[in-house]
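# Structure at a glance
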Amino acid sequence: MIFNFRFCNREALVSSSIAAFDAVGTCPRPIVAAVNGAALAGGFALALLCDLRLAAEEASFGYPELPRGIPPAYAATRAALPAAIARELTLTGRILDAFGALRLGVVRAVHPAELLPAKALELAGRIASSPREAIVETKRRILLDREHNFGNLFKAEEEMLREALLGDDPDDAA
């Protein structure tokens with residue numbers, strides 16, 4: 001048997017991506033994303049799985065993978081955004097700049113890059129200063145909502161990602 005490094009790299013990409021999405025999407029503590037650059041494809045999905053998102057003025061967001069035959073992460077998009085916006089972003093592959101992301105509710109604020117870390121820490125500190133039990137309970141309900149409303153969609157997309165990136169293993173044909 002010939003070892004196919006290209007397939008192994010795809011397999012590692014799929015496994016690590018699914019693990020990252022799951023870790024962020026099911027984290028029992030609030031997560032604040034500070035996006036300072038391009039959050040595209042899986043990076044956009046990962047940012048959307050965070051509870052709150054801030055962006056640097058230079059940030060961009062979107063799903064450019066559609067023309068490559070990889071369906072975008074509708075589940076993460078829909079879990080974070082209204083249905084009409086989720087459909088538009090996943091069906092068109094439109095890339096948003098930071099201010100477009102702000103207008104659509106993808107991020108809650110846009111800051112100059114040099115201020116972004118401080119603003120993200122300020123927001124996280126505001127959350128952390130609340131009573132711990134109240135935050136833990138609120139996050140528990142956020143996770144319940146995600147699982148109840150979008151759990152099957154996340155499972156289907158995980159299977160689709162595996163098929164889209166691993167389905168053409170040339171060794172399977174042998």
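Structural notes, computed from the coordinates. What you see is a predicted model, and the numbers here were worked out from it, not measured in a lab.

To continue, consider helix α6 (residues 116-128). With 13 residues, α6 should cover 18 Å at 1.5 Å per step; its first-to-last C-alpha distance of 18 Å lies within 8% of that length. Taken together, the buried positions of α6 are occupied by Leu 116, Ala 120, Leu 123 and Ile 127. Looking down the long axis of α6, one finds its buried residues gathered within 65 degrees of arc, a one-sided arrangement. Among the exposed residues of α6, those pointing more than 90 degrees away from its buried face are Leu 121 and Ala 128. Residues of α6 that are buried sit in contact with β1 (32-35), β3 (52-56), β6 (109-111) and α7 (132-166).

Taken together, the 3 strands give an open sheet; going across it, the order is β1-β3-β6, and neighbouring strands pair in parallel fashion. The open sheet has two free edges, formed respectively by β1 and β6, since each of these has just one partner strand. Within this sheet the neighbouring strands show an average axis-to-axis angle of 25 degrees, counted without direction. Pairing between β1 and β3: 4 bridges, direction parallel. Bridging across to β3, Val 35 finds its partner in Ala 55. The strands touched by α6 are β1, β3 and β6; relative to β3, the strand with the most contacts, the crossing angle is about 165 degrees.

Next up on the list: the pairing of β3. The element β3 is extensively covered by neighbouring structure, given that 4 of its 5 residues are classed as buried. Where β3 meets β6, 3 bridges bridge the pair, whose relative direction is parallel. Residue pairing in the sheet places Ala 55 in a bridge with Val 110 of β6.

Our focus in this paragraph is the nonpolar core. With 28 residues, the main nonpolar core has Phe 61 and Val 106 as its most contacted residues. Elements represented by at least two residues in this core include exactly β1, α2 (42-49), α3 (74-80), α4 (83-92), α5 (98-104) and α7. At 5 residues, the largest contribution of residues to this core is made by α2. Grouped together as the second largest cluster of nonpolar side chains are 6 residues, Ala 56, Leu 116, Ala 120 and Leu 123 included.

For the rest of this paragraph, the subject is the side chain of Ser 60. Assignment of secondary structure puts Ser 60 in strand β4 (residues 60-62). Among all residues touching Ser 60, those that are not within four sequence positions of it are Gly 37, Ala 38, Ala 39, Leu 40, Ile 95, Leu 96 and Asp 97.

Definitions and limits used
- Residues numbered from 1 in each chain as written.
- Predicted model: local features only at pLDDT ≥ 70, side-chain atom pairs only at ≥ 80, totals over all residues.
- Heavy atoms only, no water.
- Helix = DSSP H or I, 4+ residues; strand = E, 2+ residues; numbered from the N terminus.
- Expected span 1.5 Å × (residues − 1).
- Buried < 20%, exposed > 50% of the residue type's maximum accessible area, 1.4 Å probe, protein only.
- Arc of directions from axis to C-beta.
- Contact = heavy atoms within 4.5 Å.
- Pairing = 2+ DSSP bridges.
- Axes fitted to C-alpha atoms, helices over the stretch in contact; angles between N-to-C directions.
- Core = buried A, V, L, I, M, F, W, Y, C linked by side-chain atoms within 4.5 Å.

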